[in-house]
Amino acid sequence: MYVDTVRLDGAVRGYAAGLPLVRRLAAGPFRLTSAVTILTGENGSGKSTFVESVAVDKHANPSGGSRNARFTAAGDQVTALPLRIGRTENPRDVFFLRGESFFDLAEYHASLPGDPLAGIRERSHGEGIMDVLTRRVGPGTLLLLDEPEDGLSIFTQLELLGLLTVLGRRGSQVIMATHSPVLLAVPGAQIVDASLEPLLFDATEAVTATREFIADPLGTAQYLVAP
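The numbers attached to residues start from 1 for each chain and follow its sequence in the written order. Confidence filtering applies because this is a predicted model: local features only for residues at pLDDT of at least 70, side-chain atom pairs given and counted only at 80 or more, and all residues used for totals across whole chains, interfaces and linings. By convention in this description, side-chain values take in all heavy atoms of the structure and omit both hydrogens and water.

Caption draft 1: Region of the structure containing the overall build of the chain. Looking only at helices and strands, the chain has 7 helices and 9 strands in total. Our radius of gyration is a C-alpha quantity, and the globule rule it is checked against amounts to 2.2 Å times the number of residues to the power 0.38. Taken against the 2.2 N^0.38 rule, which gives 17 Å for 227 residues, the C-alpha radius of gyration of the chain at 18 Å falls within 12% of a compact globule. Each principal axis of the C-alpha atoms in the chain carries an extent, and together these give about 55 × 45 × 35 Å. For the chain, the accessible area works out to roughly 11000 Å², and carbon and sulfur atoms hold 53% of it. In summary, the charge assignment counts Lys and Arg as positive and Asp and Glu as negative, without counting His or the chain termini. Lysine's charge is taken at NZ, arginine's at CZ, aspartate's at CG and glutamate's at CD. Side-chain charges of the chain comprise 20 positive and 26 negative groups, with the mean position of each set lying 9 Å from the other. Helix numbers and strand numbers start at the N terminus; a helix is a DSSP run of H or I with at least 4 residues, a strand a run of E with at least 2. The accessible surface values rely on the Shrake-Rupley method and a 1.4 Å probe; as for residues, cover is taken only from the protein chains in view.

Right, here's the structure in full:
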């Protein structure tokens, strides 16, 4: 494991100090128990902050990419928690992918002469994300994903589910924040909420809300638009 435990290593100020995730880390270390760890929960709950903080601690580019990437996404504001990360071994590679800044990542690779990923700028959002993950990420990688489902069709999310499962089985470690009920189904994944408390797949809000909607889509829509 490239990330075994995560704990706070300093004071947290500003809005992040009130996040349940921060209070949990202040109480003691969070232990990662699977090759794939998934954080899920509402917007603003701290999932992305956690993944971004691990990426910064591991020296990945905060806006996305590897430890060698040098670009900043437009309007990007980094909120990195002071962390102390325990590990069993060091990863061969670290890669951070943020769904919302993927086009900035694509522009960066397009600016590098001869870069094998330069062509992802010409692909659709979903095609480009899958190109990066299939061509750039391999065994021995610490892969950090912040809402990678952004821009992905359901079928492509299913493809990504399979890819993440294979990467985990081949020696990579994945830490991901997601709202996708599809990606939550990675076999054997450790699923936690915004307080880093364990969740079963069937108990996640993304899954229960999706099932309720599919069971009665018209009724749900009418309820939401009723005066």
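Caption draft 2: Representation of the packing of aromatic side chains. Aromatic rings from Phe, Tyr and Trp, with only the six-membered ring used for Trp, were paired whenever their centres fell within 6.5 Å, and each pair was classed as stacked if the ring planes differed by under 30 degrees, edge-to-face if by over 60, and tilted otherwise. The full count for this structure, using the stated rule, is 2 aromatic pairs. Taking the centre distance of 5.9 Å and the plane angle of 65 degrees together, the rings of phenylalanine 102 and phenylalanine 103 count as edge-to-face. Relative accessibility decides the category of a residue: with a 1.4 Å probe and only protein chains considered, values under 20% of the type maximum give buried, values over 50% give exposed, and everything between is partly exposed. Exposure remark for phenylalanine 102: the relative accessible area of 1% places this residue in the buried category. Take phenylalanine 103: its relative accessible area is 47%, and that puts it in the partly exposed class.

Caption draft 3: Seen up close, the environment of leucine 224. Of note, leucine 224 is situated in helix α7 (residues 217-225). When its relative accessible area of 65% is taken as the criterion, leucine 224 is described as exposed. Between the C-alpha atoms of leucine 224 and glutamate 149, which are 75 residues apart in sequence, the distance is 25 Å.

Caption draft 4: Molecular detail of the layout of surface pockets. Definitions used for this entry: grid spacing 1 Å over protein atoms alone; cavity, a set of points where a 1.4 Å probe fits but cannot get out; pocket, an open set with protein on both sides within 12 Å along at least 5 of 7 lines; lining residue, one with an atom within 4 Å of a point. Grid points are joined across faces, edges and corners, and a volume is the space filled by probe spheres set on the points. Roughly 360 Å³ of internal volume is contained in the largest pocket. Ser48, Thr49, Glu100, Asp146 and Glu147 are, among the 19 residues lining the largest pocket, the residues nearest its centre. The element contributing the most residues to the lining of the largest pocket is helix α2 (residues 47-57), with 4 residues. Residue classes follow a fixed rule: Ala, Val, Leu, Ile, Met, Phe, Trp, Tyr, Cys and Pro count as nonpolar, while Asp, Glu, Lys and Arg count as charged, and any other residue, Gly among them, counts as polar. Counted by class, the lining of the largest pocket contains 2 nonpolar, 9 polar and 8 charged residues. A volume near 180 Å³ is recorded for the second largest pocket. Lining the second largest pocket are 14 residues, with Ser66, Asn68, Phe95, His109 and Arg136 positioned closest to its centre.

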